[in-house]
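So you can see what is in the structure, the chains are spelled out below.
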Amino acid sequence: MRRSSAPAGADSIEGDAGVTTIDGGSGNDTLLGGGGGAEIYGGAGDDVFYRAGGAGSVLYGGTGANTFIASDETLIADADTDDAVQVGTYVLTGGTRWANFSDIPYAYDGASAVRYALNTVGELVIETFAKLTTFVANYTFDIGGAATAGIRTLEVQIDAYRLLDPNRPNVPIFGWVHDLLNETHKAATGEPYYPGEDPLALDLDGDGLELTSNTTVSPFFDLDGDGFAERTARCGNDNAAHGRAA
Ligand SMILES: [Ca+2]
Ligand SMILES: [Ca+2]
Ligand SMILES: [Ca+2]
Ligand SMILES: [Ca+2]
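Since this is a predicted model, take the numbers as computed values, not measurements.

A. Spatial organisation of the overall build of the protein chain. A tally of helices and strands in the protein chain yields one helix and 18 strands. Looking at the protein chain as a whole, 38% of its 246 residues are labelled buried. Counting only contacts in the protein chain whose residues sit at least 6 apart along the sequence, the fraction spanning at least 24 positions is 43%.

Shown next, in the form of structure tokens:
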């Protein structure tokens, strides 16, 4: 196993096919490639990961606001809410699955250039139009809250009920519309539709005239568990299984 590292300061490190571990250490580093199955560490600082270098590489951003450029069959192991994933210079902000109109288990971004899903081990699966697949481990997203790597993936379900239907669920429609506009706009653009507003300030109870529905805006999950877009190359590469050199 060969190792390429330059721990102190801002470095630009490019691995070749024989390098299995790249470590930027401290500083704002630019890290490129290595062979398939490489482990690439950003360490402290705001690091940028280009061309992960062959299928099966695992990227560790470390602390700081790290940027990961989408590459093929690459796992981002430790992204948090201030990190970002880009396709080239295009910053990914998320997408929406409109459940009424699509049987396809993906959430698409506004330009239909990128689609998202969760796989069975809780990884966000990002598939680009060029069929590059990037995985983000331990992906989380809360409506109205933060999202791993700033990527918001939503599922929207719209259903109509008669007002006198005894089975209709009691969902305040204005709060739902607020979430719908805010979250889908944020997924598409990174910015909320209603900047600075609090949807919970709306009190719609007690007037007897509320419109209700079982309409939902929710974080997107692949509930049917069909295992599409499973990660394949990373597990099949022995080189990826070795720990970090001391
Ligand atoms: Ca460094
Ligand atoms: Ca660094
Ligand atoms: Ca870092
Ligand atoms: Ca971070």
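B. Representation of the sheet that holds strand β4 (residues 30-33) within the structure. Strand order across the open sheet formed by six strands is β2-β4-β6-β8-β10-β11, with mixed pairing between neighbours. Each edge of the open sheet carries a strand with a single partner, namely β2 (12-15) and β11 (90-91). In terms of strand pairing, strand β10 (residues 84-87) meets β11 through two bridges, oriented antiparallel. From the neighbouring strand, Q86 faces β11, where its bridge partner is V91.

C. The arrangement of unusual backbone geometry in detail. Backbone geometry at K131 places phi at a positive 70 degrees, although glycine is not the residue there. Of note, K131 is situated in the loop between β15 (124-128) and β16 (133-136). Here the phi dihedral of N138 falls at roughly 55 degrees; this positive angle occurs in a residue that is not glycine. Looking at the secondary structure, you find N138 in the loop between β16 and β17 (152-157).

D. Structural context of helix α1 (residues 173-189). A rise of 1.5 Å per residue sets the reference length of α1, with its 17 residues, at 24 Å; its end C-alpha atoms lie 24 Å apart and thus fit the reference within 8%. Among the residues of α1, those classed as buried are W176, H178, D179, N182, E183, T184, K186 and A187.

E. The nonpolar core, seen in detail. Ranked by size, the top nonpolar core spans 40 residues in total, and within it L59, V85, L124, I126 and V136 carry the most contacts. Looking at this core, the element that brings in the most residues is strand β14 (residues 114-118), giving four residues. Three or more residues apiece are contributed to this core by two domains, here domain 1 (2-151 + 227-238) and domain 2 (154-219). Dropping the residues within four chain positions of it, V136 is found in contact with I76, A79, V85, E123, L124, I126, T148 and A149.

F. Inspection of the environment of V156 at higher detail. Take V156: it is sitting in strand β17. The class of V156 is buried, set by 21 C-beta atoms lying within 10 Å. Not counting the four nearest positions on each side in its chain, V156 is found in contact with T96, W98, A99, L180, T184 and V217.

G. Examining the pairing of β15 more closely. Alignment of β14 against β15, held across five bridges, turns out to be antiparallel. Looking across to β15, one finds that A117 is bridged to V125. Taking the residues between adjacent antiparallel strands as the criterion, β14 and β15 are bridged by five residues, where G122 takes a positive phi near 80 degrees. Pairing between β15 and β16: four bridges, direction antiparallel. Within β16, the residue paired with I126 across the bridge is T134.

H. View of the environment of V217. Of note, V217 is situated in strand β18 (residues 216-219). For V217, a count of 22 C-beta atoms within 10 Å gives the class buried. Separated by 62 residues in sequence, V217 and E155 have C-alpha atoms that sit 5.9 Å apart. With residues up to four places along the chain from it excluded, the contact list for V217 reads I143, L154, V156, W176, D179, L180 and E183.

I. Main features of the confidence of the model for the protein chain. Scored by pLDDT, the protein chain has a mean of 78; 74% of the residues are at 70 or more. Contacts of residues 198-213 to residues separated by more than four positions or lying in other chains number 22 contacts, the stretch itself having pLDDT below 50. Counted against residues more than four places away or in other chains, residues 227-246, with its pLDDT under 50, gives 38 contacts.

J. Representation of the environment of Y139. Turning to its location among the elements, Y139 is positioned in the loop between β16 and β17. Sequence separation between Y139 and G122 is 17 residues, and the spatial gap between their C-alpha atoms is 6.4 Å.

What counts and what doesn't
- Residues numbered from 1 in each chain as written.
- Chains lettered and ligands numbered in written order.
- Predicted model: local features only at pLDDT ≥ 70, side-chain atom pairs only at ≥ 80, totals over all residues.
- Helix = DSSP H or I, 4+ residues; strand = E, 2+ residues; numbered from the N terminus.
- Buried ≥ 20, exposed ≤ 12 C-beta atoms within 10 Å, placed from the backbone.
- Contact = placed C-beta atoms within 7 Å.
- Pairing = 2+ DSSP bridges.
- Expected span 1.5 Å × (residues − 1).
- Core = buried A, V, L, I, M, F, W, Y, C linked by C-beta atoms within 7 Å.
- Domains from an automatic or database assignment.
- pLDDT = per-residue confidence, 0-100.

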